[in-house]
Structure formats: structure tokens, C-alpha cells
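The primary structure of each chain is shown beneath.
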Amino acid sequence: MYENSRLIIDSSNVPEPHSVTWRSPSNIAIIKYWGKYGVQLPKNPSLSLTLASSCTDMRLEYSFNENNPEGKIDLEFLFHQEENEAFRSKMLDYLNSLLPIYPFLKQLSLKIQSGNSFPHSAGIASSASSMSALALCLCSMEDNLFGTLKDPDAFDQKASYLARLASGSACRSIYPYAAVWGETTHVQDSSNEYAIGFADQLHSTFKDFHDDILIVSRSEKAVSSRAGHALMEGNPYAEPRYTQAKNRLTTLIGAMKTGDLETFGKIAEDEAMTLHALMMTSNPSFTLLRPDTLAIIEKLRQYRTETKNPVYFTLDAGPNVHLLYPGNIVHEVRAFIEEQLAEHCEDQYVQQDWVGEGPEEI
Ligand code: PMV
């Protein structure tokens, strides 16, 4: 939808070397995206909270490249100041795939420097923060070169679209507080092509909201999300699952508008368990939950029964547990984590995070 052969630099009007820098956060899905079709299009709509402390800082430097007879994208990539060929090659593939949208990429020398606010290999997925940061840098560069993205809504929509092409869930990180990705009749202008912001409709409870990530294991995921999505193809529960996700989203949207924490928490936990059930029932089957994951869930349920505090869990495609709770009980919950849950985490590591205002240009 954004293919544009006119985005070419006129060699008689060569731009000065320039740089753009964005800080972009990760996000945590409450309704999960699991299963896709076509080019990174979701089989069901998803809704996420935008995080604040788990983020990627990315600086993109660009200059006109006069000597590029082969017309290849010229990319240097540094991660935490060091060359990283695996990441570079992934980014290069992505940038090459964008050439129909951004033909001018071949006319530039690009240098990307990237770093995460959370420890590398902390078991926290970085594709949402890094790929949304890259998409935002690309949109800023486009606007600097061609002046084509002056409208903030058009800018966000294109950034979300580009982020989706890199990593589906990354398209939701563009927006403050919360985002919806995927067509649903309950959210006006929702689309499979890009996410849209949900902050306007959100009850204030969810704007002062925490997500402490209990790192049960720092290890790499045993199944890539690409492989996981693909396994939904032959999963006998796939179709009912997509219907279930749509229905749950309807209920969740109601709860998030009114501040109904109990309904929110029930759906968050059901979705976490469903995601893992889908992985366990795929062929081959994956069991990403660890004994410590289950121990944390058991202790949390008991804590909730005893204290009546509205603390809920969700899971990503891994063993780490995200604890979701409102800001007014932060001290009690942090004490509970320290006293009872940190012992289940690798090196007792907990990444404290919360719902935030979205990406910022720095
Ligand atoms: O964005 P991907 O392709 O890495 O898929 C992510 C899927 C989950 O993180 C498991 C769920 C979600 O909606 O974020």
C-alpha cells in the first residue's frame, strides 16, 4: 500500500549527511497474535500495552552514496558499539524487502547504532522495540528527505506498517499506552496492515499500570515466533482459537474502557494459557513453561486469594512471567515479588516495567 517509485533522490539536489534517533519501547500483548497469513498479516486482532523501561535506542545516520554502481544497500550496523553480523544481515534483508516502498535506500550509505535498555540475553524479546525503532527512524529519514510525512497520524501509521513488516508485534509499539492491531468491528479504523492507538478509550487505571517481568530463564526461545506462527497452519484448534480471540477482544475492550480489572485479569491469564496450549498442541509440540513459571503462577493465585489485590499474569512465547497490576499497589506487590517470587528467577532478575507514553525522538 505504500509502494512509491517517486521516492528517489534527485542527484542534482543531494542532501547533506544527517542522522535521526528514536527510543522505542517493547509491548506486551493481552490478546495474543499467534498465527498469520500473507505478508505478516494477523489471523486475529490483538491488543497490547505499551511498555516504558524495556526499550531500544537507535540512531540512523545517512549520507548520499555517489559510488554505488551495483545499487546495493550499503549498511554498517553496531549493537552496543560492536559489530554484529547476524543482526546486520537480518536488517539488510529487511531493508532490501522495503525497496519497492523506499527505492532511495540504494542511494544512501547507512549506519545504524542500536542498544537496548535491558540486559542483552535477559530473556526479553527485543524485536518489538528494535524493529519499531528502526521503522520510526526510516519514517523520520523519509520526511527529512522528501517532506512526505508531516502529518503525525500519517507518520505513525506508516511507521506501524513498516514495523509490522519486520516483526508483527512491533507494529503495536508505535503508540502510547495501548494499541490494537487487526481488524475488529469494535475499534474504528482498525486494520490488519498496521496498529492504531487505543489510549483515547482507555480507563485511567491502565495508564498507571505495571508489568514486572520475572525472568525465569534468560535462554533464547526454543521456538522462533516465525516457526510458532507457521505451526498454527496444522493446529486443529486454530480456527476456534481465532474466533475465541475476537470474542475475548470484545470483552477486553469493554473492561479496559470501564477500568474493570477483574475482567481484564481473567482475559489476560486465559490468553497466556491459551498461547501455551496452542504451542503444546502443535506438531511438533513445544513446552516453554518451566517448573518455576508454574510455581510463580501458583503463588500468585494464592496471593490474590489472600490479599484480594488485583495482580494478574500474562506470558509471552517463553517461560518468563509478566505481573500486571495497577500503580496504587506497587509497594505491596514489589515486596511480594522480592519475598516470594524472585527466588524462581534466574539470578533473581526482575525487569521492572510499566505502561508508558510510547516512542520518542531523541
Ligand atoms: O511479532 P512476532 O512475530 O515475534 O510474534 C509475537 C507473538 C507473541 O509475542 C507471542 C504474541 C504477541 O501478540 O505479541
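Nothing here was measured: the structure is a model prediction, and the numbers come from that model.

Q: With reference to specific residues and values, describe the site of the ligand.
A: What surrounds the ligand is the set Ala29, Lys32, Tyr33, Trp34, Ser167, Gly168, Ser169, Arg172, Ser225, His229, Leu275 and Asp316. Backbone polar atom of tyrosine 33 to an oxygen atom of the ligand: 2.9 Å apart, as the coordinates give it. Interatomic distance of 3.2 Å between a side-chain N/O atom of serine 167 and an oxygen atom of the ligand. For the ligand, the accessible surface in isolation is 380 Å², of which the surrounding protein chains cover 92%. No fewer than three residues from each of domain 1 (18–201) and domain 2 (204–360) sit in the shell around the ligand.

Q: Just give me the short version of the packing of aromatic side chains, but keep the residues and values in it.
A: Evaluation of the coordinates by the stated rule reveals eleven aromatic pairs. Where phenylalanine 209 meets phenylalanine 264, the ring centres are 5.4 Å apart and the plane angle is 90°; that geometry is what we call edge-to-face. Of the two residues, phenylalanine 209 is situated in strand 10 (residues 209–214) and phenylalanine 264 in helix 6 (residues 261–280); the sequence distance between them amounts to 55 residues. The pair phenylalanine 209 / phenylalanine 264 is uniform in exposure class, with both members buried. An aromatic cluster is defined as three or more aromatic residues linked by ring pairs; in this entry it consists of Phe77, Phe79 and Phe87. Taking NZ or CZ as reference, arginine 218 lies 5.1 Å from the ring centre of tyrosine 349, over its face.

Q: Pulling in residues and values, what's your account of unusual backbone geometry?
A: Along the chain, asparagine 283 connects to proline 284 via a cis peptide bond; the corresponding omega equals 5°. Within the secondary structure, proline 284 is located in the loop between helix 6 and helix 7 (291–307). The backbone of glutamine 40 shows a phi angle near 55°, a positive value even though the residue is not glycine. The exposure class of glutamine 40 is buried, given its relative accessible area of 13%. At tyrosine 177, a residue that is not glycine, the phi angle is positive and equals roughly 65°. Along the chain, tyrosine 177 turns up in the loop between helix 3 (152–166) and strand 8 (178–181).

Q: So what's going on with the side chain of serine 190? Residues and values would help.
A: As for its position among the elements, serine 190 is in the loop between strand 8 and strand 9 (195–197). Within the structure, the side chain of serine 190 is placed 2.9 Å from the backbone oxygen of threonine 184, a separation counted as a polar contact. If we ignore the near neighbours within four places in the chain, the residues touching serine 190 are Gly182, Glu183, Thr184 and Ile196.

Q: Got a sec to walk through the state of the cysteines? Specific residues and values, please.
A: A full pass over the atoms with the stated rule returns zero disulfides. Between cysteine 139, a cysteine without a disulfide, and cysteine 137, which holds the nearest cysteine sulfur, the sulfur-to-sulfur distance is 9.6 Å.

Q: If you had to explain the layout of surface pockets to someone new, which residues and values would you point to?
A: By volume, the second largest pocket is sized at about 410 Å³. Together, 16 residues line the second largest pocket, and Asp153, Tyr175, Ile196, Gly197 and Asp200 are the ones closest to its centre. Breaking the lining of the second largest pocket down by element, the ones donating at least two residues are helix 3 and strand 9. Across the lining of the second largest pocket, the residue classes break down as eight nonpolar, four polar and four charged.

Q: If you had to explain the nonpolar core to someone new, which residues and values would you point to?
A: Ranked by size, the top nonpolar core spans 79 residues in total, and within it Leu47, Leu105, Leu110, Leu138, Met141 and Leu162 carry the most contacts. Inspection of this core shows a minimum of three residues originating in each of domain 1 (18–201) and domain 2 (204–360). Not counting residues within four places of it along the chain, the set of residues in contact with leucine 105 comprises Ile73, Leu95, Leu98, Leu99, Leu110, Leu138 and Met141. Formed by 22 residues, the second largest nonpolar core is a distinct cluster that contains Val216, Phe313, Leu323 and Val330.

Q: Please give an account of the side chain of aspartate 353 that cites residues and values.
A: Assignment of secondary structure puts aspartate 353 in strand 13 (residues 350–354). Although aspartate 353 lies buried, it forms no salt bridge, and the closest oppositely charged side chain, arginine 334, sits 8.2 Å away as judged by the N-O distance. The contacts of aspartate 353, once residues within four sequence positions are left out, are Leu51, Ala52, Ser53, Ser54, His210, Asp211 and Asp212.

Q: Mind laying out the domain arrangement of the protein, listing which residues take part and the relevant values?
A: When its domains are assigned, the protein resolves into domain 1 (18–201) and domain 2 (204–360). Domain 1 and domain 2 are separated by 24 Å when their C-alpha centres are compared. On the domain 1 side of the interface with domain 2, the three residues burying the most area are Lys32, Trp34 and Tyr177, jointly 22% of the side's total. Counting every contact that joins domain 1 to domain 2 gives zero salt bridges. The interface formed by domain 1 and domain 2 contains 18 residue pairs in polar contact (both at pLDDT 80 or more). Only strand 1 (18–31) and strand 4 (46–64) provide two or more residues apiece to the side of domain 1 that touches domain 2. Broken down by element, the residue count for the side of domain 1 that touches domain 2 peaks at nine residues, all from strand 1. Taken together, the residues of the side of domain 1 that touches domain 2 sort by class into 25 nonpolar, 13 polar and four charged.

Each value, and the rule that gives it
- Residues numbered from 1 in each chain as written.
- Predicted model: local features only at pLDDT ≥ 70, side-chain atom pairs only at ≥ 80, totals over all residues.
- Heavy atoms only, no water.
- Near = heavy atom within 4 Å.
- Polar contact = N/O pair within 3.5 Å; in protein donor to acceptor, adjacent residues only side chain to side chain.
- Areas by Shrake-Rupley, 256 points an atom, 1.4 Å probe, with all protein chains shown as cover.
- Domains from an automatic or database assignment.
- Phe/Tyr/Trp six-rings, centres within 6.5 Å; stacked < 30°, edge-to-face > 60°.
- Helix = DSSP H or I, 4+ residues; strand = E, 2+ residues; numbered from the N terminus.
- Buried < 20%, exposed > 50% of the residue type's maximum accessible area, 1.4 Å probe, protein only.
- Lys NZ or Arg CZ within 6 Å of the ring centre and 35° of its normal.
- Contact = heavy atoms within 4.5 Å.
- Disulfide = S-S within 2.5 Å.
- 1 Å grid on protein atoms, 1.4 Å probe; cavity = no way out; pocket = protein on both sides within 12 Å on 5 of 7 lines; lining within 4 Å.
- Points joined across faces, edges and corners; volume = space filled by probe spheres on them.
- Nonpolar A, V, L, I, M, F, W, Y, C, P; charged D, E, K, R; others polar.
- Core = buried A, V, L, I, M, F, W, Y, C linked by side-chain atoms within 4.5 Å.
- Lys, Arg positive; Asp, Glu negative; His and termini not counted.
- Salt bridge = Lys/Arg side-chain N within 4 Å of Asp/Glu carboxyl O.
- Buried area = accessible area lost by both parts, 1.4 Å probe.

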